Amino acid sequence: MSLSRAARIILVGAPGVGKGTQTERLMKRFPELSSISSGDLLRLNVRNRTPLGIQAESKMKVGALVPDSMILRLIINELTNRGWLTSDTIRPYTVYTSSISMESNDTVDSVFIPSPLRAQKYNYSDSPSASFVLDGFPRTAAQASQLDDLIPINLVINISTPTDIIIDRICNRWVHAPSGRVYNTTFNAPKIEGRDDITGEPLMRREDDDPEVWKARLKSFEETSLPLLEHYDKLGVLWTVKGNSSDEITPQLFKEFGKRFGVLEN
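Summary of the structure given here. Keep in mind the model is a prediction, meaning the values are calculated, not measured. (Residues numbered from 1 in each chain as written. Predicted model: local features only at pLDDT ≥ 70, side-chain atom pairs only at ≥ 80, totals over all residues. Heavy atoms only, no water.)

## Topic: the side chain of Ser 246
Inspection of the secondary structure puts Ser 246 in helix H8 (residues 246–261). According to the relative accessible area criterion, Ser 246 is buried, its value standing at 13%. For Ser 246, the residues in contact, after removing those within four places along its chain, are Thr 21, Gln 22 and Arg 25. (Helix = DSSP H or I, 4+ residues; strand = E, 2+ residues; numbered from the N terminus. Buried < 20%, exposed > 50% of the residue type's maximum accessible area, 1.4 Å probe, protein only. Contact = heavy atoms within 4.5 Å.)

Quick look at the structure:
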């Protein structure tokens, strides 16, 4: 299926609710969708030793959080390099090169980010091919407000599944670390207990799949997600889907997607 206009979406939900699963299914159903992960972009820049990556790595090495402005830079430049975000006055910064000279007082946090002194507005593409799922950012209402100034998100999907069901799901989840394949002993069990179906290698449990660890993550999520959801609700782009499993949620998601973006049959 194809879209009639660009979809710029964010999935919100408790840890383990299945955001990754729904993203994969959306991308398979609607090939014009891309996934843009702030975490992947950060790791790519660190690995390639770009100016931005060097600055980010220096902060992470001393245990500091990577600033929101730096994450926004990653997103701006990824969208710009794809041709989905343009500016009439600001030269795109190519994050995949390390040849840019940087003065000591000219950090990546200050380069080309809109500021009160220079309220730069970006032009964004509404072509269906410029559709994406943004993963990892924003996580707070303050971050969402900053993103609004760059490019408007036009659908925020709040995935709601009962807590007891998620806990049961993560307690029975096992992964094959090298490939990322995920199994669940209740509904997607490996053919041989404790072994990956393809390689036969042992499966492992993620550290954050411990119930107590998950409850701590849930508390943190709830504290930041409510203001985030309220922010997008005020903008009229919030939609909540409820279900006990990914298979219950997916059909509802596909239907809503069609209503919002005028899905056209190929």
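## What to know about the side chain of Ser 38
Positionally, Ser 38 belongs in helix H2 (residues 38–47). Sequence-distant contacts of Ser 38, defined by excluding residues within four places in its chain, comprise Ile 71, Leu 74, Asp 135, Gly 136 and Phe 137.

## Thoughts on the environment of Arg 169
Relative to the assigned elements, Arg 169 resides in helix H6 (residues 163–171). Judged by relative accessible area, which is 12%, Arg 169 ranks as buried. Among residues more than four places away in sequence, those in contact with Arg 169 are Gly 16, Val 17, Gly 18, Thr 161, Asn 184, Phe 187, Asn 244 and Ser 245.

## Some points on the packing of helix H1 (residues 19–29) against H8
Remark: H1 packs on H8, axes separated minimally by 10 Å, with the N-to-C direction vectors making an angle of 45°. Relative to H8, the element H1 lies oblique. Note that H1 runs across H8; the crossing there is right-handed. In this structure, H1 uses Thr 21, Gln 22, Arg 25, Leu 26 and Arg 29 to contact H8, whose residues at the interface are Ser 246, Asp 247, Ile 249, Thr 250, Leu 253, Phe 254 and Phe 257. Grouping the constituent residues of the contact of H1 with H8 by class yields 5 nonpolar, 4 polar and 3 charged. (Axes fitted to C-alpha atoms, helices over the stretch in contact; angles between N-to-C directions. Parallel < 35°, antiparallel > 145°, perpendicular 65-115°, else oblique. Left-handed = near helix turned anticlockwise from the far one by under 90°. Nonpolar A, V, L, I, M, F, W, Y, C, P; charged D, E, K, R; others polar.)

## Section: the sheet that holds strand E9 (residues 238–242)
Ordered in space as E2-E5-E1-E6-E9, the 5 strands form an open sheet in which the pairing is parallel. This sheet does not close on itself; its edge strands, each paired only once, are strand E2 (33–37) and E9. Ignoring which end each strand starts from, the neighbouring axes of this sheet average 25° apart. Note: E2 against strand E5 (residues 131–135), 5 bridges, orientation parallel. Each bridged residue has a counterpart across the sheet, and for Ser 37 the counterpart in E5 is Asp 135. (Pairing = 2+ DSSP bridges.)

## Things to note about the nonpolar core
In terms of nonpolar packing, the biggest core is built from 33 residues, with Ile 10, Leu 79, Phe 132, Leu 147 and Tyr 232 touching the most fellow members. Counting residues per element, the ones that place at least two in this core are strand E1 (8–13), H2, helix H3 (51–61), helix H4 (68–81), E5, helix H5 (141–148) and helix H7 (211–234). It is H4 that provides the largest number of residues to this core, a total of 7 residues. In this view, Leu 79 contacts Ile 36, Trp 84, Leu 85, Phe 132 and Ile 151; residues no more than four positions away in its chain are not counted. (Core = buried A, V, L, I, M, F, W, Y, C linked by side-chain atoms within 4.5 Å.)

## What about the packing of aromatic side chains?
Going through the model one piece at a time under the given rule, you end up with 4 aromatic pairs. Between the aromatic rings of Phe 30 and Phe 257, the centroid separation amounts to 4.9 Å while the plane-to-plane angle is 25°, which identifies the pairing as stacked. On the criterion of sequence distance, the pair formed by Phe 30 in the loop between H1 and E2 and Phe 257 in helix H8 is long-range, its members being 227 residues apart. The class of Phe 257 is buried, set by a relative accessible area of 0%. Each ring, one from Trp 84 and one from Phe 132, has its centre 6.2 Å from the other, and the planes form 5°; the classification is stacked. Here Trp 84, found in the loop between H4 and strand E3 (85–86), pairs with Phe 132, found in strand E5; they are 48 residues apart in sequence, far enough to count as distant. Among the residues examined, Trp 84 registers a relative accessible area of 11% and is labelled buried. (Phe/Tyr/Trp six-rings, centres within 6.5 Å; stacked < 30°, edge-to-face > 60°.)

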